[in-house]
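Structural features, examined
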Amino acid sequence: MAAGPMKMRATLMGGVTDVRVLMTHPMETEQQTKGAPYFIQNVTVKVNGKTVVEGQISQAVSRNPVFSFRLKGGAKGDKIEVSWLDNKGESNKTEAAVA
Amino acid sequence: MRALVYGAATALALAAAPAAAQQSQFEKYQKMVAEGSPVELFELSGEELWKKKQGPRQASLEKCDLGKGPGVLKGAYAALPRYFKDVDRVMDLETRLLHCMTTLQGRTREEATKRLFGDANQPSEMEYLSAYVAGQSRGTKLAPGAAHPKEKEAYELGKTMFFYRTGAWDFSCASCHGEAGKRIRMSELPVLSEPKAARPLMATWPAYRVSNSTFVTMQWRINDCYRQMRTPEPNFGSETTVALITYLTVTAKGEAYRGPGTKR
């Protein structure tokens, strides 16, 4: 499941880029797994190759999480890359151009 | 901004459903869960499965005829259930998919129906495929078959079943879905014999359920309603399940499809 699909869209409106990204991940907690949690730990956002967000998230996030955020500025065609890394070392990423 | 436009469209549709101008708590809740819906992930996995070569014939489903010609997906879900000449019966999406699995891919019915309904850890093939195919009908108005004699027959049978009380508890579909203003926890119980209530509902199935992270199909919904009514389990894709789905979809006809939806 961990390498399941991701989907992202990035839209520019009034100088602000609105990004919505979906990730496939079971996001299992400590309690659910009786001590072997399995969750996304790091989420990185890059714009044109430059890291703009390095986030750490916890087990408290739902299965198949959706993240929505806004980036100041940006232009049509800018490349946005979102990647995640989970606590078992698995990762995935997706790319989209700002539309 | 597509996300916002979609949100606005949903809000509009929700506001249009009840006569009350004020948004009900149910609607607010439904709107909230829809904003974080991962249905697109199911659509993506469904597309992969649609194109995956499987079965003894190592064939994909890409030549499956869902009523609009082999491989035509655009608007196909919105025109189901319908009569299929090749099998001389009415079929809904899942029944037709199963038909394609057995004919195109050469799989046995037994193998293809082994795991129809999945769970959060491992959704079923039918769930992924339903998500993908239904997603290709977004914006298309529901126009199930209602002209062929067999389609009319299915509608009438479905209508009869909807009101037919049976089983140990003497329940019919209308026992729960026959009176306005009823609910189970945070789910409204729409009066499905009324187009006003059937339309917004049928336009958002199949759907993702947030409470248990599963993607559920219409055949599952019918199956589970009968489980709740304590009747014997209906056969997948049987004449009766398809008839009931035909009745519900014909009652909802004309509504623009906007699923796969998100449910409690």
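Residues numbered from 1 in each chain as written. Chains lettered and ligands numbered in written order. Predicted model: local features only at pLDDT ≥ 70, side-chain atom pairs only at ≥ 80, totals over all residues.

Let us now look at unusual backbone geometry. Leaving glycine aside, a negative phi is the common case for residues, and trans is the common case for peptide bonds. Here the amide bond leading from Leu80(B) into Pro81(B) is cis, since omega sits at -5°, within 30 degrees of zero. Along the polypeptide, Pro81(B) turns up in the loop between helix 3 (39–51) and strand 1 (82–84). Geometrically, the link from Trp205(B) to Pro206(B) is a cis peptide bond, its omega value of -5° lying close to zero. Positionally, Pro206(B) belongs in the loop between helix 9 (195–202) and strand 5 (207–209). Phi angles above zero are rare outside glycine, and Lys34(A) is one such case at about 55°. Looking at the element boundaries, Lys34(A) is found in the loop between helix 1 (30–33) and strand 3 (40–47). Among the residues examined, Lys34(A) registers 7 C-beta atoms within 10 Å and is labelled exposed. The backbone of Asn48(A) shows a phi angle near 50°, a positive value even though the residue is not glycine. Positionally, Asn48(A) belongs in the loop between strand 3 and strand 4 (50–56). (Helix = DSSP H or I, 4+ residues; strand = E, 2+ residues; numbered from the N terminus. Buried ≥ 20, exposed ≤ 12 C-beta atoms within 10 Å, placed from the backbone.)

Glancing now at the sheet that holds strand 2 (residues 16–23) of chain A. Residue and element names in this part refer to chain A. With antiparallel pairing, three strands are arranged side by side in an open sheet as 1-2-5. Looking at strand neighbours, the two that pair on one side only are strand 1 (6–13) and strand 5 (66–72), the edges of this open sheet. Sheet twist, expressed as the average angle between the axes of neighbouring strands with direction ignored, equals 15°. Bridge count between strand 2 and strand 5: seven bridges; the pairing is antiparallel. The residue of strand 5 that forms the bridge with Thr17 is Leu71. (Pairing = 2+ DSSP bridges. Axes fitted to C-alpha atoms, helices over the stretch in contact; angles between N-to-C directions.)

Residues and elements named next belong to chain A. Counting buried positions along strand 2 yields seven of eight residues, so the element is predominantly enclosed. Here strand 1 runs beside strand 2; their pairing, made up of eight bridges, is antiparallel. Bridged to Arg9 within strand 2 is Arg20. Between strand 1 and strand 2, which follow one another and run antiparallel, lie two residues, and Gly14 among them has a positive phi close to 55°.

Generally speaking, a soluble globular protein has its nonpolar side chains buried in company with each other. In terms of nonpolar packing, the biggest core is built from 71 residues, with Tyr77(B), Val133(B), Met202(B) and Leu248(B) touching the most fellow members. Those residues in contact with Val133(B) that lie beyond four places of it in its chain are Leu66(B), Leu73(B), Ala76(B), Tyr77(B) and Leu93(B). (Core = buried A, V, L, I, M, F, W, Y, C linked by C-beta atoms within 7 Å. Contact = placed C-beta atoms within 7 Å.)

Let's shift gears to the sheet that holds strand 6 (residues 214–216) of chain B. Remark on secondary structure: sheet strands pair via backbone hydrogen bonds, oriented parallel or antiparallel. All names here are of chain B. Taking strand neighbours across the sheet as the criterion, the three strands line up as 6-5-7 in an open arrangement whose pairing is mixed. One side of each edge strand has no neighbouring strand; the edge strands of this open sheet are strand 6 and strand 7 (261–263). Direction aside, the axes of adjacent strands within the sheet are offset by 30° on average. By the bridge criterion, three bridges tie strand 5 to strand 6 in an arrangement that is antiparallel. Each residue of the ladder has a partner; that of Tyr208, found in strand 6, is Phe215.

As a further point, take helix 10 (residues 218–228) of chain B. Buried within helix 10 of chain B we find Met218(B), Gln219(B), Trp220(B), Ile222(B) and Tyr226(B). Buried positions along helix 10 of chain B lie against helix 4 (93–103), strand 6 and helix 11 (239–251) of chain B.

On to the domain arrangement of chain B. All names here are of chain B. Partitioning chain B into structural domains gives domain 1 (1–36) and domain 2 (39–263). Placing a centre on the C-alpha atoms of domain 1 and another on those of domain 2 gives a separation of 24 Å. Per-element tally for the side of domain 1 that touches domain 2: the top contributor is helix 2 (residues 25–35), with four residues. When the residues that make up the side of domain 1 that touches domain 2 are grouped by side-chain class, the tally is six nonpolar, no polar and no charged. (Domains from an automatic or database assignment. Nonpolar A, V, L, I, M, F, W, Y, C, P; charged D, E, K, R; others polar.)

What follows is about the packing of helix 3 of chain B against helix 6 (residues 125–135) of chain B. Axes are the key here: two packed helices are described by the angle between their axes and the distance separating the axes. All names here are of chain B. Interhelical geometry of helix 3 versus helix 6 gives an angle of 105° and a closest axis separation of 7 Å. It follows from the interaxial angle that helix 3 and helix 6 lie roughly perpendicular. Contacts between helix 3 and helix 6 involve Val39, Phe42, Glu43, Ser45, Gly46, Glu47, Leu49 and Trp50 from the first element and Glu125, Glu127, Tyr128, Leu129, Ala131, Tyr132 and Gly135 from the second. A per-class count over the contact of helix 3 with helix 6 returns eight nonpolar, three polar and four charged. (Parallel < 35°, antiparallel > 145°, perpendicular 65-115°, else oblique.)

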